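# Observations on chain architecture
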Amino acid sequence: MRRITAAVAVLLLGLAACDSHTTQQVVPTPAPAGNLCERLAPRLTGWKAADAESRLSAPLADNCSLVDTTQEFHRVWVGLSAIPVTDAQFAQTRKSDTEWVTGMQYAAKVIEGEVGPGSWAVDPAAAAPWLVFRAGNRPVELRMVNDGSGTLDELRSIAETIVGLPGGLPTAPAIIAQPECARGTAAAERLLGEKAVLRRDTLTDGYLSCQWGSATRSVAVRSGGLGSDPALDFGYVKGGFTSHRVNVGAEGWQQTDGELAFRTAKDAYVELVATPGSTLNPDLLVALAQAIAPAYE
């Protein structure tokens, strides 16, 4: 953890004061280290920081989780956007969430989040609640991981702690890229309808994930082996009533809504996902799949 101690700061000021001709320079305070959960946990009674599964969001976010120290089932997924957004961009994301909730026919609707201007929340009767707000103009999303394990009031309390964090939020690079993903960038940007200003690519156990994003849209290509989420989603897409074959990989399938998954000759499974759902243009998804497929051969 990079910190400047008080002794070092005093020494620097003392050296500057010894020479009246020396121009005094302000030593910048380093940004707080650690992810958001690691910084939050010491300020929240009964919670500890942990890793979290990746969840596609717009804008792309860095993920972690908070775990109840007395009940592992009680978890909060935390997503912190890598970039700030404008009021208009934040409102567009809320509109997309509202459309998704309406389409899923939840027994709830998007309501005011009550954590700063423009924030919103969803608190379904039979599902886990979530809350979206801004801290330092960066969107933050909090979700109860398991249905029935926590409340919206808990999320609001955690959100207020985030907004008041001393030193502000942890910084994050806009671009974390794997070279293998570069072949898909042009096709991904056609899907986004604009330049990708965010990247979150990973290579884990030989399986590649590529994510491109703008302030309001994101698209991802994920892969895995037999039994992985991409493999399960491949079976779901293949078995859909509206699915048809596409010329990608050893076997590719796409639904009429654009969702696409394919299998490689080496039995890796690859899926393409996007948010919001309006980004899933079927033809452009096929073009991205064909562009990125050689990275999985």
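What comes next is a walk through the structure. (Residues numbered from 1 in each chain as written. Predicted model: local features only at pLDDT ≥ 70, side-chain atom pairs only at ≥ 80, totals over all residues. Heavy atoms only, no water.)

Take aspartate 97: it is sitting in helix α3 (residues 87-104). It turns out aspartate 97 is buried and unbridged, and the closest side chain with the opposite charge, arginine 143, is 5.2 Å from it. Look past the residues within four positions of aspartate 97 in its chain and what remains in contact with it is Val110, Trp120, Trp130 and Val132. (Helix = DSSP H or I, 4+ residues; strand = E, 2+ residues; numbered from the N terminus. Buried < 20%, exposed > 50% of the residue type's maximum accessible area, 1.4 Å probe, protein only. Lys, Arg positive; Asp, Glu negative; His and termini not counted. Salt bridge = Lys/Arg side-chain N within 4 Å of Asp/Glu carboxyl O. Contact = heavy atoms within 4.5 Å.)

Our next topic: the pattern of salt bridges. Opposite charge on two side chains permits pairing when their charged atoms draw close. Tallied over the entire structure, the rule returns 13 salt bridges. The salt bridge partner of lysine 48 is glutamate 72, with a shortest N-O separation of 3.1 Å. With lysine 48 in strand β1 (residues 47-50) and glutamate 72 in strand β3 (residues 71-81), this residue pair connects regions lying 24 residues apart in the sequence. Residue classification places glutamate 72 among the partly exposed positions, given a relative accessible area of 42%. Ionic pairing is found between aspartate 153 and arginine 156, a salt bridge with its closest N-O pair at 3.8 Å. With a gap of 3 residues between them, aspartate 153 and arginine 156 both fall in helix α4 (residues 152-163), about one helical turn apart. Residue classification places aspartate 153 among the exposed residues on the basis of a relative accessible area of 57%.

Burial analysis of strand β16 (residues 269-275) places 6 of its 7 residues in the buried class, which makes it a mostly covered element. Strand direction decides the pairing type here: strand β12 (residues 218-224) and β16, joined by 7 bridges, are antiparallel. Looking across to β16, one finds that serine 223 is bridged to valine 270. In the sheet, strand β15 (residues 260-263) pairs with β16 via 4 bridges, with the strands oriented antiparallel. Directly across from leucine 260, in β16, lies its bridge partner leucine 272. Turn length for the β15-β16 hairpin, with the two strands adjacent in sequence and antiparallel, is 5 residues, and the turn residue aspartate 267 shows positive phi of about 60°. (Pairing = 2+ DSSP bridges.)

The side-chain alternation of strand β14 (residues 251-254) yields two buried faces, one formed by Glu251 and Trp253 and the other by Gly252 and Gln254. One ladder, built from 3 bridges, connects strand β13 (residues 244-246) with β14; its direction is antiparallel. By the bridge assignment for β14, valine 246 is matched with glycine 252. In this sheet, β15 lies alongside β14 in antiparallel orientation, the contact comprising 4 bridges.

What is shown is where atoms sit, not what they do.
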